[in-house]
Amino acid sequence: MPEKSKTYEKSPPKVFIRTFGCQMNDRDSEIIYGLFMERGWKIAESVEDADCILFNTCSVRHHAEQRAYSNMGMLAKLKRRRPGVILGFTGCTAEKDKDVVIKRLPHVDLVAGPGEIYNIPDYIEGLMKNRKKIVAAGKLERPDRENPSYRGNKTGTYVSISEGCDNFCSYCIVPYVRGRQRSRKKELIIEEVKSASEMGVKEITLLGQNVNSYGNDLKDGQNFMTLLEEVHAIDGIKRIRFVTSHPKDTKEALFQTMRDLPKVYKHLHLPLQSGSAKILKAMKRGYSPEHYLGLIDGLRKYIPDCNITTDIIVGFHGEEDSDFEETYSIMKKIGFDSAYIFKYSPRPPAESSRLADDVLPEVKKERHARLLELQKEISRRKRDSRRNEVLPMA
Ligand code: SF4
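Residues numbered from 1 in each chain as written. Predicted model: local features only at pLDDT ≥ 70, side-chain atom pairs only at ≥ 80, totals over all residues. Heavy atoms only, no water.

Before going further, it helps to examine the pairing of strand β1 (residues 14–19). Along any regular strand the residues' side chains alternate between the sheet's two faces. In terms of strand pairing, β1 meets strand β2 (residues 42–43) through two bridges, oriented parallel. Looking at β2, one finds that K14 is bridged to K42. Assessed by its sense of winding, the connection that carries the chain from β1 through helix α1 (residues 23–37) to β2 is right-handed. Bridge count between β1 and strand β3 (residues 52–57): five bridges; the pairing is parallel. (Pairing = 2+ DSSP bridges. Helix = DSSP H or I, 4+ residues; strand = E, 2+ residues; numbered from the N terminus. Right-handed = clockwise from strand over helix to strand, strands pointing away.)

Our focus in this paragraph is the site of the ligand. Taken together, C165, N167, F168, C169, Y171, C172, V174, P175, Q209, H246 and R285 make up the full set of residues near the ligand. Considered class by class, the residues forming the shell around the ligand number seven nonpolar, three polar and one charged. (Near = heavy atom within 4 Å. Nonpolar A, V, L, I, M, F, W, Y, C, P; charged D, E, K, R; others polar.)

Okay, the packing of aromatic side chains next. The tally for this structure, following the rule as stated, stands at 12 aromatic pairs. A ring pair is formed by F36 and W41, whose centres lie 4.7 Å apart and whose planes are at 65°; its orientation type is edge-to-face. Residue F36 is classed as buried on the basis of its relative accessible area of 0%. We classify W41 as buried; its relative accessible area is 3%. For the ring pair F168 and Y176, a centre distance of 5.5 Å and an interplane angle of 85° mean the geometry is edge-to-face. Y176 gets classed as partly exposed once you look at its relative accessible area, which sits at 31%. (Phe/Tyr/Trp six-rings, centres within 6.5 Å; stacked < 30°, edge-to-face > 60°. Buried < 20%, exposed > 50% of the residue type's maximum accessible area, 1.4 Å probe, protein only.)

We now examine the sheet that holds strand β5 (residues 110–112). Strand order in the open sheet formed by six strands is β2-β1-β3-β4-β5-β6, with parallel pairing between adjacent strands. Either end of the sheet is taken by a strand with one partner, and the two such strands are β2 and β6 (134–136). Two elements, β5 and β6, share three bridges in a ladder whose sense is parallel. By the bridge assignment for β6, L110 is matched with I134. Contacts from α1 reach β1, β2 and β3, with the element oriented near 175° to β1. Relative to strand β4 (residues 86–91), helix α2 (residues 62–74) is tilted by about 175°, and along the sheet it contacts β1, β3 and β4. (Contact = heavy atoms within 4.5 Å. Axes fitted to C-alpha atoms, helices over the stretch in contact; angles between N-to-C directions.)

Right, dumping it as structure tokens:
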């Protein structure tokens, strides 16, 4: 752990991080804050109060990316008013667009991909002495090491169990910006959960792009179920959640483990993406609608009232009305507790970005609205039936 800098004792510099995107980015921002605090920095309340402003960006969808660019664009005015402030663009878009960020945002000083998070305080302190812009990207793999103890939320917190992904779903950019899957050593995960528990944290969410393949690359017999059992044994932790599962690697053993471990919250987020076998094949998801239905049936055998949520993409390349209707009917059949529904947008360099984005925007919009309406209806019916279960018959 670096020596707390004496120079900062009197007037510690302040850092402000704006986080876009997923829980992985939330956790990364927390780690970056912790690294700065270990050096005596403070957390700024707002951009106006900060000596360093970082945007931790997301590139899973076009919209999220554009939001980060336009918001950072607006900070050019602040930079003119306060030339001393240091601006950084980190996270997945920084990695994806490493060669264009500075051109689009000439007032930015640092561009650093997810693989560089442990070096960010060094880069920033270097920029405080010498303002030569830094572009640190291309190294997708970050060291698997102990993380700073700082936790933004003292009741529930994230612990990442792996980085990157090996699945290369044809629409997804994650493997190109976060690299291939690297499972973290079990000892480091357990240590991190213990230190969080000692800080009073009661709820842990284990994070991975595909938690079900945890340990496959460790080759030491560890897998996600054995990890869940070890986390479950840690004193002080009352509830354990995990995201994200992948249907092709989700097995019955997970359902049994979820049932048998009381602290494991009875919720499974299992992205379906599409109900059409043709589209799932084009997405390279590695399972069929029938296989997915089999998993849901299996899960409900072990945990009848399990909370089940999912992700759906509408308007993927080649999606015809009949494909969409298959998605509509499988959602109706399963009855998810909630669903995140997205309109497809090509994400270069992901494979499908080389295919025509041939579903018209208005068709995507209409399909998106129909699934939202369906899910609203399903969630309302589930709420009513739960309410009727508890309300005594009038
Ligand atoms: S499983 Fe597929 S969608 Fe999920 S992060 Fe990996 S490549 Fe992306």
